[in-house]
Amino acid sequence: MSIIPPSAPGAAQKEFKPRLAWATGIVVLAFVVLLGRLYQLQLVQGEEYKELADENFVKELRIPADRGLMLDRHRRVLVDSRPSYDVMLTPYFCGKQCDEILGRLGTMLQLSSDELERARATLANARRNEPFRAFTVRVDITREELDQYLAQQMDLPGVDVQAVPHRNYRFAGLGGHLIGYMNEVGPEELKRLNVELDDSRSPQGHYLLGDYVGRRGLERRYERDLRGVDGKERVPVDAKGRRKGDAENLIPEDQRVVPSTPGNNLVLSIDWRLQEFAEQTFPGTAGVVLAMDAKTGFLLTLVDRPAPDPNKMSGRITAAELAAIHSDPLQPELFRAIQQHYHPGSTFKSVTSIAALEEGVYKPNTSIFCPGHFSMGAARWRCDKETGHGYVDFEHALGASCDVFFYQAGALLGADNIAKWARKAGLGAPTGFDIAGEIPGVIPDAAWHDKHIPGGYQRGMAVNLSIGQGDVNVTPMQQLVLYGALATGKIWRPQVVLRVEDADGKELKSFGPEVRGTLDIQPSTRKAVMDGLLATVNEPYGTGNFVRLKELKDVPVTVAGKTGTAQVVKLGAKRLRAEQVSYFERDHAWFAAFAPAEDPEIVVVVLNEHAGFGASNAAPTALALIRRYLELKKEDAGQGGPQAAPATAPAATPPPSRSPVAPASPPPARSPVAPAPPAAPEQPAAQEQPKLGARVAPVGRASHGA
């Protein structure tokens, strides 16, 4: 039966055709949309959705790369990595149980409230941004904690224990400030580091929450070199993230593992035999011992005490332990060699000598009479020998550390000339050492005093500067560079990394000696200063002579050097021994030296904080270190070079703990050595003496002279 009325067949057909066209168009459009969507899902976004599908049964595990080694100059391993286990949590696989599981982990691992709160914050962030990415809950778990996890792992969905290389500092705190340590990267730091990686197009993957980064010392300075490239392993898991055993059937072999690439190694200029000797020999509670190759500027030894144990700082350290370190009055986190400055005391007299000779206020054969004091107007400065030295020339003034000789030089020179030659010798500016955070020290001229001192510059201030007191301050590293310049004429940039190698020992880059400048002085000036430095150690009246007789007996070497004792508080009416005052009020002990004097090979600087007399408490370590250097040189020559270091080295026994004799208390504010009124000097001008009067007797221990 027809649906079109017979009475009007043409009209009905005309009415039906548009409807059919619309229906057909809608059906065709639907098929086009469907085909377009299928094209988008399968071809355009196919890989993306395949990865998301894979995530439902394939977990990608990170294979952390071994961090590069640190080796001494003879390839002895100082820092490497040891096996350890970290507890990881993947938010997707613990689902709605994550908070409960995190609480159970807190109990099992004995997480502190701070650690648990930090883990919860990381979990919340990971849930929003990277639910399939595991984050670290606890690093370096103990064997007992690992056993607990293995016993409960079926009830801990989303939790994994991953084998991770953990940084191992073989000698604990020895060299700790130089080597540095690692700890967890912070959220803002993570963003910055990843932007830097992207900008540099580094093959290294992004840092992730829970990753560790170099925090201090060489670990921080060479982070990019030491860090390797992580690998990955893809494993099949069930809905709760538990590993399945049929990887062979589910994941193609060439997609299962991408191996990690270890980081590069640093070869240091440090001779660890000399480093250990210095650590064991140095008696200070706090201070610095530095030794440098005089011919290259590379460091041989760097002792900086106290220093926190990098193994502790890089591992599980509690908030209470960190608080104790932060509040320690000895400031164990301070890298004293480059981040703290001190009055140089009498070691600065070599600079004053150069200034006096180069500016013409003294001649090489000048001598003056020392009555035991120096006066300018109403102000009076004591000599280190209160009874006086009699007539002294350059050799005797430097050797016996006569203050009056230099007081008068300072009064004649003024602060500007002293500052001028101090800067020419490399002081007053960073040395350019490898590690960040170096401070410039203070070399004050008249303008500096006008800006920083109430009342401005007065002539007597130059008197204080002349013996390394007043407002002059230097770092131990600057002292090393200064005495290196006195030894060789070259102002070195001190360095500690010889080269960077890959894991197979192939050299990637090396570092050569760098000369920042030269100490341009007249030969007669150099001779006068050198004679004084030789007299300090080798003449009977020298402040360091008795130490040489003890430490270098029967050693055929000539040492040049200078003792120094730097005040930290104003002298009282009566001199007191170090043990009679509180620890932080005691003088600093300095000794700077180089040897052999005729062809210097090694430069040594020792600072023993709050130890008293430089000759007694700094010089013995320096001269013993020179002796040990010569012994090792002889041994190496006899053996055809140093013996290869063992594959594993036993941890060195750290020096015994030392406590100040008196309870530590905050140091009082520094006071000038003496008031400095603007008056004309009353001492006679420097004069030539045809004959020395009272030659020089051995100097007694003083507050600032030696």
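The coordinates are above.
A brief report on the enclosed structure follows. (Residues numbered from 1 in each chain as written. Predicted model: local features only at pLDDT ≥ 70, side-chain atom pairs only at ≥ 80, totals over all residues. Heavy atoms only, no water.)

**Let's talk about the pattern of salt bridges**
Any two side chains of opposite charge can pair, so long as their charged atoms come close to each other. For the structure on display, the rule yields 38 salt bridges. Note that Glu333 and Arg216 form a salt bridge whose closest N and O atoms lie 3.9 Å from each other. Residue Glu333 is located in the loop between helix H14 (319-327) and helix H15 (336-339), and its partner Arg216 is located in the loop between strand S7 (212-214) and helix H9 (217-221); the two are separated by 117 residues in the primary sequence. The salt bridge involving Arg627 is made with Glu631; its shortest N-O contact spans 3.5 Å. Of this pair, Arg627 and Glu631 both sit in helix H25 (residues 619-639), 4 residues apart, which is roughly one turn of that helix. Taken together, the shared-partner salt bridges in this structure form one network comprising Glu551, Arg627, Arg628, Glu631 and Glu635. (Salt bridge = Lys/Arg side-chain N within 4 Å of Asp/Glu carboxyl O. Helix = DSSP H or I, 4+ residues; strand = E, 2+ residues; numbered from the N terminus.)

**Considerations on the environment of Gly284**
Turning to its location among the elements, Gly284 is positioned in the loop between helix H12 (272-281) and strand S11 (287-293). Put simply, Gly284 and Leu607 are 323 residues apart on the chain and 8.6 Å apart in space, counted from C-alpha to C-alpha.

**Notes on the packing of helix H16 (residues 349-358) against helix H22 (residues 523-538)**
The contact between H16 and H22 brings their axes to 10 Å, and the two run at 145 degrees. Along this stretch, H16 crosses H22, giving a crossing that reads as right-handed. Residues Ser350, Ser353, Ile354, Leu357 and Glu358 of H16 lie in contact with H22, whose contacting residues are Thr525, Ala528 and Val529. Split into classes, the residues belonging to the contact of H16 with H22 amount to 4 nonpolar, 3 polar and 1 charged. (Axes fitted to C-alpha atoms, helices over the stretch in contact; angles between N-to-C directions. Left-handed = near helix turned anticlockwise from the far one by under 90°. Contact = heavy atoms within 4.5 Å. Nonpolar A, V, L, I, M, F, W, Y, C, P; charged D, E, K, R; others polar.)

**A look at the environment of Asn617**
Among the secondary structure elements, Asn617 is positioned in helix H24 (residues 614-617). When its relative accessible area of 26% is taken as the criterion, Asn617 is described as partly exposed. For the pair Asn617 and Phe282, spaced 335 residues apart in the sequence, the C-alpha separation amounts to 9.0 Å. Contacts of Asn617, omitting those with residues within four sequence positions, involve Ala589, Asn608, Ala611 and Gly612. (Buried < 20%, exposed > 50% of the residue type's maximum accessible area, 1.4 Å probe, protein only.)

**As for the nonpolar core**
In this structure, Leu218, Leu266, Leu299, Phe405, Phe433, Met477 and Phe594 are the most contacted members of the largest nonpolar core, which totals 99 residues. Here this core takes 12 residues from helix H18 (residues 403-424), the largest share from any one element. Setting aside chain neighbours within four positions, we find Phe433 in contact with Leu178, Leu299, Leu302, Phe335, Ile338, Glu438, Met477, Arg493, Pro494, Gln495 and Val496. If you look at the next biggest cluster of nonpolar residues, it comprises 31 residues, including Val289, Ala589, Ala595 and Ala611. (Core = buried A, V, L, I, M, F, W, Y, C linked by side-chain atoms within 4.5 Å.)

**A look at the sheet that holds strand S12 (residues 299-305)**
The strands making up a sheet are joined through hydrogen bonds of the backbone, oriented either antiparallel or parallel. Within the open sheet, the 5 strands sit side by side as S12-S11-S23-S22-S21. Their pairing is antiparallel. A single partner strand is all that each edge strand has here, and the edge strands are S12 and strand S21 (560-566). Looking at each pair of strands side by side, their axes are set apart by 5 degrees on average, direction ignored. Two strands pair when backbone bridges link them, and S11 and strand S23 (residues 602-608) are joined in this way by 7 bridges, in the antiparallel orientation. Opposite Met292, over in S23, you have Val603 as the bridge partner. Lying over the sheet, H12 contacts S11 and S12, oriented at roughly 30 degrees with respect to S12. Of the strands in this sheet, S11, S12, S21, strand S22 (588-595) and S23 are in contact with helix H21 (residues 476-488), which crosses S23 at around 145 degrees. (Pairing = 2+ DSSP bridges.)

**Some remarks on H16**
For H16, the buried fraction is high: 10 of the 10 residues fall into the buried class. For H16, the secondary structure elements touched by its buried residues are helix H17 (394-400), H18, helix H20 (460-466), H21, H22 and S21. Following H16 by one or two positions, Gly360 has its phi on the positive side, about 80 degrees.

**Some remarks on the side chain of Thr347**
Mapped onto the secondary structure, Thr347 falls in the loop between H15 and H16. Look past the residues within four positions of Thr347 in its chain and what remains in contact with it is Gln479, Tyr483, Lys562, Thr563, Gly564 and Trp590.

**Examining the packing of aromatic side chains**
Ring pairs (aromatic) are described by centroid distance and by the angle formed between their planes. Counted by the stated rule, this structure contains 12 aromatic pairs. The interplanar angle of 80 degrees and the centroid separation of 5.8 Å between the aromatic rings of Tyr362 and Phe394 together place this pair among those described as edge-to-face. Of the two residues, Tyr362 is situated in the loop between H16 and strand S13 (367-370) and Phe394 in helix H17; the sequence distance between them amounts to 32 residues. With relative accessibility at 2%, the residue Tyr362 sits in the buried group. (Phe/Tyr/Trp six-rings, centres within 6.5 Å; stacked < 30°, edge-to-face > 60°.)

**Overview of the side chain of Arg336**
With respect to the element layout, Arg336 can be found in helix H15. At 2.6 Å, the side chain of Arg336 forms a polar contact with the side chain of Glu609. (Polar contact = N/O pair within 3.5 Å; in protein donor to acceptor, adjacent residues only side chain to side chain.)

**A look at the pairing of strand S8 (residues 231-236)**
The sheet contact formed by strand S1 (residues 58-63) and S8 spans 6 bridges and is antiparallel. Each residue of the ladder has a partner; that of Leu61, found in S8, is Glu233. As paired strands, S8 and strand S9 (residues 257-258) are joined by 2 bridges and run antiparallel to one another. In the sheet register, Glu233 faces S9, and the bridge partner there is Val257.

**Observations concerning the environment of Arg423**
Mapped onto the secondary structure, Arg423 falls in helix H18. Residues Arg423 and Ile443, 20 residues apart in the sequence, show an inter-C-alpha distance of 7.4 Å. Once residues within four sequence positions are removed from consideration, Arg423 is found in contact with Ile443 and Asp445.

**Concerning the sheet that holds S9**
Within the open sheet, the 3 strands sit side by side as S1-S8-S9. Their pairing is antiparallel. Because the sheet does not close on itself, it has two edges, and the strands there are S1 and S9.

**Section: the packing of H12 against H25**
For the pair H12 and H25, interaxial distance at closest approach is 10 Å and the crossing angle is 150 degrees. By the angle between their axes, H12 is roughly antiparallel relative to H25. Between H12 and H25 lies a crossing whose hand is right-handed. Contacts between H12 and H25 involve Arg273, Leu274, Phe277, Ala278 and Thr281 on the former and, on the latter, Thr621, Ala624, Leu625, Arg627, Arg628, Tyr629, Leu632 and Asp636. Across the contact of H12 with H25, the residue classes tally to 7 nonpolar, 2 polar and 4 charged. (Parallel < 35°, antiparallel > 145°, perpendicular 65-115°, else oblique.)

**Topic: a nonpolar patch on the surface**
A grouping of Val27, Phe31, Leu34, Leu35 and Leu38 is seen on the molecular surface, where their side chains present a nonpolar patch of about 490 Å² in accessible area. Here Leu35 is to be found in helix H1 (residues 9-44). Residue classification places Leu35 among the exposed residues on the basis of a relative accessible area of 56%. (Patch = residues over 30% accessible without salt bridge, like charges linked within 9 Å, V, L, I, M, F, W, Y side chains within 5 Å. Areas by Shrake-Rupley, 256 points an atom, 1.4 Å probe, with all protein chains shown as cover.)

**A short note on the state of the cysteines**
By definition, a disulfide links the sulfur atoms of two cysteines through a covalent bond. Considering all chains together, one arrives at 1 disulfide under this definition. Just so you know, Cys370 is unpaired, no disulfide at all, and the nearest cysteine sulfur is the one on Cys402, 3.7 Å from it. The buried category is assigned to Cys370, whose relative accessible area is 1%. (Disulfide = S-S within 2.5 Å.)

**Thoughts on unusual backbone geometry**
Along the chain, Arg305 connects to Pro306 via a cis peptide bond; the corresponding omega equals -5 degrees. Within the fold, Pro306 resides in the loop between S12 and helix H13 (310-313). In the segment running from Ala595 into Pro596, the intervening peptide bond is cis, with an omega of -20 degrees. Here Pro596 lies in the loop between S22 and S23. Not every positive phi belongs to a glycine, and Asp140 is a case in point at roughly 55 degrees. Its place among the elements puts Asp140 in the loop between strand S4 (135-138) and helix H6 (143-152). One non-glycine residue with positive phi stands out, namely His610, at about 50 degrees. Looking at the element boundaries, His610 is found in the loop between S23 and H24. For His610, a relative accessible area of 8% translates into the label buried.

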